[in-house]
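Here is what each chain is made of, one letter per residue.
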Amino acid sequence: MEQRLSLLTLGVRDVGRARTFYEALGWTTRAGPDDDVVFFRSGGTILALWARDRLAEDSAVEDAGDWGGVTLAHNVRSPDEVDAVLDEAKAAGATIARPAGPTFWGGCSGVFVDLDGHPWEVAHNPQWTLAADGSVELPG
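This one's a predicted model, so the numbers in the text were calculated from it and none came from an experiment.

1. Some remarks on the sheet that holds strand β6 (residues 108-113)
Two pairing modes exist for strands in a sheet, parallel and antiparallel, and in both the strands are linked by backbone hydrogen bonds.
Now for step 1: The mixed open sheet is built from seven strands, whose spatial order is β2-β3-β1-β4-β7-β6-β5. A single partner strand is all that each edge strand has here, and the edge strands are β2 (37-42) and β5 (95-102). In this sheet, neighbouring strand axes are inclined to one another by 20° on average, regardless of whether the strands run parallel or antiparallel.
Now for step 2: The pairing of strand β1 (residues 7-12) with strand β3 (residues 45-51) spans six bridges and is parallel. Residue Gly-11 lies in a different strand from β3, and its bridge partner there is Trp-50.
Now for step 3: Those strands touched by helix α1 (residues 15-24) are β1, β2 and β3, and its axis lies near 145° from that of β3.
Now for step 4: Along the sheet, helix α3 (residues 79-91) makes contact with β4 (70-75), β5, β6 and β7 (119-124), crossing β6 at roughly 10°.

2. Some details on the pairing of β3
Now for step 1: Counting buried positions along β3 yields six of seven residues, so the element is predominantly enclosed.
Now for step 2: As paired elements, β2 and β3 share six bridges and run antiparallel to each other. Within β3, the residue paired with Val-37 across the bridge is Trp-50.
Now for step 3: Where β2 folds back on β3, the antiparallel hairpin that results is connected by two residues, among which Gly-43 adopts a positive phi of roughly 65°.

Criteria and thresholds
- Residues numbered from 1 in each chain as written.
- Predicted model: local features only at pLDDT ≥ 70, side-chain atom pairs only at ≥ 80, totals over all residues.
- Heavy atoms only, no water.
- Pairing = 2+ DSSP bridges.
- Helix = DSSP H or I, 4+ residues; strand = E, 2+ residues; numbered from the N terminus.
- Axes fitted to C-alpha atoms, helices over the stretch in contact; angles between N-to-C directions.
- Contact = heavy atoms within 4.5 Å.
- Buried < 20%, exposed > 50% of the residue type's maximum accessible area, 1.4 Å probe, protein only.

Purely geometric numbers; function is a separate question.
So this is what it looks like as structure tokens:
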């Protein structure tokens, strides 16, 4: 697993409200007004806003109110790399919360949970470009 963070997703109660907040801070997005996920570029990393309940389900985390509402992501260049990184994480002691598989957005991802309970999504998104240095380029 390359040493980098590709995406940080915040689980929020109201995506529109959270989007307005970040835009008021001067952050810009290419997301449409009705998009259910809002992406902001932050250097070579992406900050995403998504409904907390959907993020918890996607991250294979039970949200009984004590989960921080944050999921980290590590993007890779191919679906095979998703499996390889999950295998590395498991060998290092992580729990595989969701094995690699196809996603609703057309990619492949799986989730491991580190030793302190932090979920990491490992994803291949064929619509995003991953530069040689690991930074993510959003389409458009």
